[in-house]
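# Structural overview for review
Spelled out from the first residue to the last, the chains are:
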Amino acid sequence: MSKSAILFFLFCFSNIFAQSDVRITGTITSSDNQKLAGANVSLEINKKQFYAVADSLGSFSEIISSGNLIIRINHLDFTPKTIYCKVIKDTVISVVLEKDAAQLKEVIVKNDKKSGVKTLSAGKLSLNLKELSAVPTVLGTTDVIKLLQLMPGVQNSGDANGYLYVRGGDPGHNAILYNEAPIYGMSHLLGIFPFYNTDHIKDVEFDKSSSNPKYGGRLSSTTLLNTNKKVPSELSMQGNAGILASQLTLSVPLTDKTGFYISGRKTYIDEVMGPLLKSGSNNDVQNMKYGFSDANFTFLSQISKKNLFSLNAFVSGDELKIKDENLALKTNLKWSNFTVSPSLNTIFSPKVSMSNSFYFSQYSNELNMEQATIEFGVSSYVKDFGFTNAVKFAIGNVPFESGLQYVYHDLQPQKVNVENFTTTDNYSQRTIIANEVAFFVSANPKLLEKVTADLGLRMNYYASGLDSYLHFQPRMVLNYFANENYSFYASYNRQYQYLSLITTSSVGIPTDFWIASSDGIKPQSSNEFSIGSNQNITRNFSSSFGGFYRSMKNLLEYPYGITQFNEITTLKNDLYIGKGKAYGFEVMLKKNSGKFSGWLSYTLSWSDRNFDELNNGKTYFAKYDRRHNLSVVGMYDLNAKWNFGITQIFGSGNRFTMPTSWYFVNNNPVKEYAGYNNAQMPNYIRTDISANYYFVKTSKKESALNFSIYNTFNISNPIYVVLDVEVNENKDKVVVKQEEKVLYRILPSVSWRFKF
């Protein structure tokens, strides 16, 4: 496979290296010196068209013929710009775009709302969180995970779940990177509250296929959470105060070239959360307390004109306490995240730049239960020490990016301790130590006048104990630009995953734990093919279509709960290993600007699994096989004081296993199953609305009230089903009653958002 990839690279580049044209290199920034990633660049020379897209540093590079050149630059958030020039040799340009906030024509003022979601090549999405503040959420602040669940190819996980399910994959198949550092704990309790403080995050890049070889280790998507890379120029404060939680972010300049951002959040929801959870259960929970807090820190220093140092940190902690005197039960559940990542970005020349970053990431959880004379505890953790190097350069007329990565993994899958008055038993899966080294390279050659390619190769070496693996992971995207308004793509990606999330519950509780490939447990793998197109229908409307097929091997299924441990148990013996496939069709229609903006996304998909130990070895639907997923998002600016938002969500119900018949053995009812995941929950339907009233709204000051209602029409969306079995007086007939458990229904909230 590696030889074929090298030959393909050489074939693609051979004709291009022979050309003697000139290179034009450019950097696109805003008036406040922000790098504008994703800007579209059209170059017209000698009646030939060339197209390019600015990278994450706002840079582009293209080989063209010499002569009179017309450059057109478009970005949805800024006023388009056209440049006329003559090029006779290699040329470097710098372009500054102005905000597209208002256009004055005679006495008519036109206000264009910027697009919050931008579709990029190969199904990638870029989210501007500031422009999505009108999307309804529980706390009145933008929720990254909830926003991603509104995108095509992403399934809504339903209530009581903060996980992502992308293109038929499992929740652990998705990577979330906070400034290059992986985040292993993905949500606060039951996914109700936003996990990330979006006041501290500048933008989000979402790649459903992980097509960039720089990122690996997951079968499905990669989500990049990018913090601000601009040194603050003045002291400012912004935040949100609500009835459930509050948050605050400070921007503090230290010198002209040094400053920091610091954010914090805290909840005070014990009196609210307890009754909500109690309403979904028949148990008499007499005392329940839950709270979470988190903090973000970003330090920036512009050491020189070409060197930017940054230090990013993120910490979060959750705690749930339950006390029931009737059952003599005390429960304490804690889980936390901590990441820190220093990095240095260096620009050697307009063609060469390099970034180096270290990171440490840790996720841990701990459950302690005490009932009568028995004490039970279970805990797990995962720690990563990592280094990432990336260099951007050009060979001839072909842009490249390559680099080296190293990660040291330290995992404790689960450690169980059981104590009573007379004995103490400790059962734990052994600590797993693993080392991972990766080399990646990507290139963006122009194959034909209107055809470009994103070619990449990731080489992974992984070792844990006596197990070691060397894998080659090719990535390829072909782009065809018919004109400025229509483009098409086709892609292929091969992925391997060495760390896997083991879920013990259908609602994503924090007792889920991570394991690493070792002791004969092989890495998971997938091959994904996708095709699609993007269309700019008008200046305000755009659309995208796509289809995908993914095959997966060495998938893991853990059929037990957290108490399946004894002195002879091992993960290798307890885990089931199987395969699966997923395929589907995605569509998105967006209105990008104007008083009314928003989008519609729809996904039609299938996802199935095959394990020898389950369903008699026959293929069955995966737990999160949801045939239909529809999301409609609308945002409306009534005037300078009011704006409104609405989301309408529809999803097919989750799959679960239901007994199909009952019979008696020694006067005891026994259930019988006809198939695994043979039943389906009711369809998921939810409508959320929000309204923002602005007392003050300028670029530097803001004061607004947010009113939000989650599940406005009080629709009952069950999170699981309980079967109540009753036997008649003659004990010759079984009556089965199905009871649907609902965690919460309508959830209103009020908050005050401020900035000054």
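Just above, that's the structure.
Figured I'd write up the structure that's included with this text. Keep in mind that what you see is a predicted model, and the values were worked out from it rather than measured. (Residues numbered from 1 in each chain as written. Predicted model: local features only at pLDDT ≥ 70, side-chain atom pairs only at ≥ 80, totals over all residues. Heavy atoms only, no water.)

Before going further, it helps to examine the overall build of the protein chain. Along its length, the protein chain carries four helices and 50 strands. For the protein chain, the accessible area works out to roughly 33,300 Å², and carbon and sulfur atoms hold 57% of it. (Helix = DSSP H or I, 4+ residues; strand = E, 2+ residues; numbered from the N terminus. Areas by Shrake-Rupley, 256 points an atom, 1.4 Å probe, with all protein chains shown as cover.)

Attention now goes to the side chain of Ser301. Mapping Ser301 onto the fold places it in strand β21 (residues 287-304). Other than its neighbours up to four places away in sequence, Ser301 contacts Lys257, Thr258, Asn307, Leu308 and Phe309. (Contact = heavy atoms within 4.5 Å.)

Turning next to the pairing of strand β41 (residues 642-651). Side chains Asn643, Gly645, Thr647, Ile649 and Gly651 project from β41 onto a buried face, and the interleaved Trp642, Phe644, Ile646, Gln648 and Phe650 project onto a face without burial. Relative to β41, strand β40 (residues 628-637) runs antiparallel, the two sharing nine bridges. Across the sheet, the residue bridging to Tyr636 is Phe644, located in β41. Adjacent in sequence and paired antiparallel, β40 and β41 are bridged by four residues. Alignment of β41 against strand β46 (residues 684-697), held across 10 bridges, turns out to be antiparallel. Bridge pairing links Phe650 to Ile685 in β46. (Buried < 20%, exposed > 50% of the residue type's maximum accessible area, 1.4 Å probe, protein only. Pairing = 2+ DSSP bridges.)

Attention now moves to the side chain of Ser209. Mapping Ser209 onto the fold places it in the loop between β16 (201-207) and β17 (222-227). Within the local environment of Ser209, its side chain forms a polar contact with the side chain of Glu528, the two groups lying 2.3 Å apart. Ignoring any residue separated from it by four or fewer positions in sequence, one finds Ser209 in contact with Arg167, Ser220, Asn493, Gln495, Glu528 and Ser530. (Polar contact = N/O pair within 3.5 Å; in protein donor to acceptor, adjacent residues only side chain to side chain.)

The subject of this paragraph is the sheet that holds strand β1 (residues 22-30). The strands that make up a sheet pair up through hydrogen bonds in the backbone, lying either parallel or antiparallel. The strand order across the open sheet built from three strands is β4-β1-β7, with neighbouring strands paired in mixed fashion. In this open sheet, the two strands that pair with only one neighbour each are β4 (59-64) and β7 (91-97). Strand-to-strand, the axes of this sheet are offset by a mean angle of 25°, without reference to chain direction. Inspection of the sheet shows β1 paired to β4 by six bridges, in the antiparallel sense. (Axes fitted to C-alpha atoms, helices over the stretch in contact; angles between N-to-C directions.)

A separate point is the environment of Trp514. Counting through the fold element by element, Trp514 comes out in strand β34 (residues 513-516). We classify Trp514 as buried; its relative accessible area is 3%. As a C-alpha pair, Trp514 and Tyr363 span 151 residues in sequence and 9.5 Å in three-dimensional space. Sequence-distant contacts of Trp514, defined by excluding residues within four places in its chain, comprise Gly172, Tyr184, Met186, Arg218, Tyr363, Val382, Leu411, Pro413, Leu499, Ser500 and Leu501. Of note is the side chain of Trp514, whose polar atom sits 3.5 Å from the backbone oxygen of Tyr184.

Positionally, Leu189 belongs in the loop between β15 (181-182) and β16. Considered as a pair, Leu189 and Tyr290 are 101 residues apart in the sequence and their alpha carbons are 8.5 Å apart.

Bringing unusual backbone geometry into the picture now. Residue Arg167 is not a glycine yet carries a positive backbone phi of 50°. Mapping Arg167 onto the fold places it in the loop between β13 (165-166) and β14 (175-178). In this model, Asn714 sits at a positive phi of 55°, which is unusual for a non-glycine residue. Residue placement: Asn714 occurs in the loop between β47 (702-710) and β48 (720-727).

What follows is about the nonpolar core. Generally speaking, a soluble globular protein has its nonpolar side chains buried in company with each other. In this structure, Leu127, Tyr196, Trp514 and Trp599 are the most contacted members of the largest nonpolar core, which totals 70 residues. At four residues, helix α2 (residues 144-148) tops the list of elements feeding residues into this core. Apart from the residues lying within four places of it in its own chain, the contact partners of Leu127 are Gly116, Val117, Leu132, Leu147, Leu148, Met151, Asp203 and Val204. Counting 21 residues, the second-largest nonpolar core is a separate cluster that includes Ala52, Leu69, Ile71 and Phe78. (Core = buried A, V, L, I, M, F, W, Y, C linked by side-chain atoms within 4.5 Å.)

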